[in-house]
Every structure is written in structure tokens, then in C-alpha cells.
Amino acid sequence: KLLRPAVKAWSAAMADGDQGMPLTFQNFLEKMRHPSASELVKSIKAFISSFGDAQMPANAQRDSDEDGRRIQAFLRDTEAAFRGHPAWRGASEEELEASGEGLEKYLTTKLYPNIFAVINEERTLDDVLGRRIAALRTFIRPEHLDIPECFRVEASLALARNELVKVNNFKAPRDKLVCVLNTCRVINNLLNVSAGNRPAGADDFLPVLIYVVMLANPPRLESNLRYIARFRLESRLVSEAAYFYTNLVSATHFLTTCDHSAFTNLDEDVFEAHMAAEGFAVGPDAAGSFDGERGGDGAT
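Criteria and thresholds
- Residues numbered from 1 in each chain as written.
- Predicted model: local features only at pLDDT ≥ 70, side-chain atom pairs only at ≥ 80, totals over all residues.
- Heavy atoms only, no water.
- Helix = DSSP H or I, 4+ residues; strand = E, 2+ residues; numbered from the N terminus.
- Buried < 20%, exposed > 50% of the residue type's maximum accessible area, 1.4 Å probe, protein only.
- Contact = heavy atoms within 4.5 Å.
- Areas by Shrake-Rupley, 256 points an atom, 1.4 Å probe, with all protein chains shown as cover.
- pLDDT = per-residue confidence, 0-100.
- Core = buried A, V, L, I, M, F, W, Y, C linked by side-chain atoms within 4.5 Å.
- Axes fitted to C-alpha atoms, helices over the stretch in contact; angles between N-to-C directions.
- Parallel < 35°, antiparallel > 145°, perpendicular 65-115°, else oblique.
- Nonpolar A, V, L, I, M, F, W, Y, C, P; charged D, E, K, R; others polar.
- Salt bridge = Lys/Arg side-chain N within 4 Å of Asp/Glu carboxyl O.
- Polar contact = N/O pair within 3.5 Å; in protein donor to acceptor, adjacent residues only side chain to side chain.
- Expected span 1.5 Å × (residues − 1).
- Arc of directions from axis to C-beta.

Draft legend 1. View of the overall build of the protein chain. The helix and strand tally for the protein chain stands at 13 helices and zero strands. Going from the N terminus to the C terminus, the protein chain shows its helices and strands as α-α-α-α-α-α-α-α-α-α-α-α-α. Residues classed as buried in the protein chain amount to 47% of the 300 residues present. Partitioning the intrachain contacts of the protein chain with sequence separation of at least 6 by distance along the chain shows that 77% fall at a separation of at least 24. Accessible surface computed for the protein chain: about 14900 Å², of which carbon and sulfur atoms make up 51%.

Printed below as a string of C-alpha cells:
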């Protein structure tokens, strides 16, 4: 209960309708309706249109990395144009920053069907990862990750889990990143409150985050991580946001690749028996791959 107000305040400050910035997303849209912004609006609309399916060769698959580079460049160039534009005459740095956030949100929301989870290989990775985490969740316990009893606070872990589950509900990279930040801040608060006289460190944080990711098993986790990296403006994916994002990438990699040796007091035959029961091929040649014939529908 003590953590909920902090998370709500952070969410309110970072998500839609941000009251901490002079220019909200709605204000940005209003600025775009100003007559002096007509050429800028045309430029934005033309850029969005260039991502349409009609612009793709027949049977071609999107190159999401190239799309990311294009969007990054357009965001940088357009934000630079704000500084000399009449609609932003006299604007403060905070207003210019908020306009950049508004532009990123507008672009990525409009382009979302064309840029999120559009590569077959990445969708397959999502499906296999989701099934693998679901399998691990049936038998991995906090003690297997060396999480001390004092950090096994069910209410806090549930709150962190619920924040992470939301990541797939949003379209803007910033809003997805807020879910990551909220999750990690809840964990940080848990560690700081529960550690007593011993300061919590990175060695405490990552195992708890791994456990929370396993509990949450958010949809399209791999695609969401790649989406944030590709389409969140690089100059804004820094400091605390970059640190927590990197930790989530590490936690996801752990859950993607772990075998029995990654856990404490877990025998190989026990690990393999549980994974096989959930439909995952085991053994030296299987590399933890999903066996759709034994575990339900195969990855799509």
C-alpha cells in the first residue's frame, strides 16, 4: 500500500496528459493546427505516408532496424526545426522538449501497425519466449534465484508485475518505457525498505527483476524491448531510463537462455523434466526449443 501512491504519481507525471510539462500532447496537436505550422504538418503526414504498405515492394518484409534509423533521423531533424519555427517563437527548453515528446508519440502511434512486431522472426521469438517463461513459472521459486526472504514481499512483487504487464497496452515508446520505470522503481523501493542496514545493490536487483518478469510474462516482450530501442529517441534513452531498460534486457536474456546451471539447488534432471512436461525439447541438441507437438500450438 505504501508503494502505490509513488507509482501513481510517477505514472501521472510520465504517461498521457503529463502535467509536469508546459506543453501536453493535446497542446502539441493544437500547435500543429496553427496556420504557421501547415508546412510542418505536410512534412509529418508525408513521412507517415511513406511507411504505407503501398510503398513496399510486393512480398517484401519490413526492415525494422532501417525504419528505426529513419524515424530517429526524422525526429531529430523535425525537433531541430521547432527551434526556428514561428509557432515556437519564445518557447522555453521545457516546451521544446515537450513538443519533441509529442512528435514522437504522434508519429509512433500513427505508424504503430507498420512498425511494431511486424517481422515474422521476431513474432516467433515473442511466442517462444512467452511459452518458455510460462514453463519456468511452473517450478522456479525465489530461492532458485537466491532472493532473500526479506525481498519476497508478495504485495510489492504483485505491484511490480502489474506495472510490467501494462507495457503492451501502449503504443508510444515513452509510455512503454514508463511501465519499465514503474516496475523497476517498485523493486528498488522494495529492496531499500526491506534490506535493513545493508544497502541493496545490483546483485539484489536483477534476480528480483528476473522473478517479476517471470511472474508478469508480458505479451510480445521481445518486440516491446526492440521497439523501445528502435523508436525511443536515442538522446532520451539515457540515465535512469537506460539503466532500468538495460536491466530488463538482461533479465529477458536470462530467461531466454537459462538452463539448470543458472539456478541454485536445481538438478538438471528436475529442470529438464519440468521443461519437457511443458512442451520444451531438452538435451544438448535442443537448446531449449519449443516442441509444439508436445506443448500445444507451435509458434506462429
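We are not done yet, so read on.
Draft legend 2. Representation of the confidence of the model for the protein chain within the structure. Considering every residue of the protein chain, the mean pLDDT works out to 86; 82% of them sit at 70 or more. Looking over the protein chain, one finds the lowest element-wise mean pLDDT in helix α13 (residues 292–295), namely 40, and the highest in helix α10 (residues 221–231), namely 98. The low-confidence segment residues 292–300 (pLDDT under 50) makes 20 contacts with residues lying over four places distant or belonging to another chain.

Draft legend 3. Local environment of the nonpolar core. With 48 residues, the main nonpolar core has L136, I140, L145, I187, V208, V213 and F263 as its most contacted residues. Among the secondary structure elements, those contributing two or more residues to this core are α6 (120–137), α7 (154–165), α8 (173–194), α9 (202–216), α10, α11 (239–257) and α12 (268–277). For this core, the element with the highest residue contribution is α9, accounting for nine residues. For L145, the contacting residues outside a window of four places in its chain are I140, P207, I210, Y211, F254 and F263.

Draft legend 4. Main features of the packing of helix α5 (residues 93–115) against α8. Direction vectors running N to C along α5 and α8 enclose 100 degrees, while the axes themselves pass 8 Å from each other. With respect to each other, α5 and α8 are oriented roughly perpendicular. Contacts from E101, E104, K105, T108 and Y112 in α5 reach P173, R174, D175 and K176 in α8. A per-class count over the contact of α5 with α8 returns two nonpolar, one polar and six charged.

Draft legend 5. Structural context of the pattern of salt bridges. All chains considered together, the criterion is met by 22 salt bridges. The salt bridge involving E39 is made with K42; its shortest N-O contact spans 3.5 Å. Here E39 and its partner K42 are both found in helix α3 (residues 38–49), three residues apart, which amounts to about one turn of the helix. An identical accessibility class is assigned to E39 and K42; each is exposed. Between R236 and E97 there is a salt bridge, and its shortest N-O distance comes to 2.7 Å. Here the residue R236 occupies a position in the loop between α10 and α11, and E97 occupies one in helix α5, the gap between them amounting to 139 residues. Residues participating in the shared-partner salt-bridge network are E79, E97, E101, E104, R174, R232 and R236.

Draft legend 6. Structural detail: the side chain of K105. In this structure, K105 sits in helix α5. Using a relative accessible area of 15% as the deciding quantity, one classes K105 as buried. Of note is the side chain of K105, whose polar atom sits 2.6 Å from the side chain of D175.

Draft legend 7. Highlighting α7. Helix length check: α7 (twelve residues) gives 16 Å between terminal C-alpha atoms against 16 Å at 1.5 Å per residue, within 8%. Buried residues of α7: S156, L157, L159, A160, E163 and L164, and no others. Projected down its long axis, α7 carries its buried residues within an arc of 160 degrees, all on one side. The exposed set on the far side of α7, more than 90 degrees from its buried face, consists of E154 and A155.

Draft legend 8. Examining α10 more closely. α10 sits mainly inside the fold: nine of its eleven residues count as buried. Taken together, the buried positions of α10 are occupied by L221, E222, S223, N224, L225, Y227, I228, R230 and F231. Elements that come into contact with the buried residues of α10 comprise α4 (64–83), α5, α6, α8, α9 and α11.

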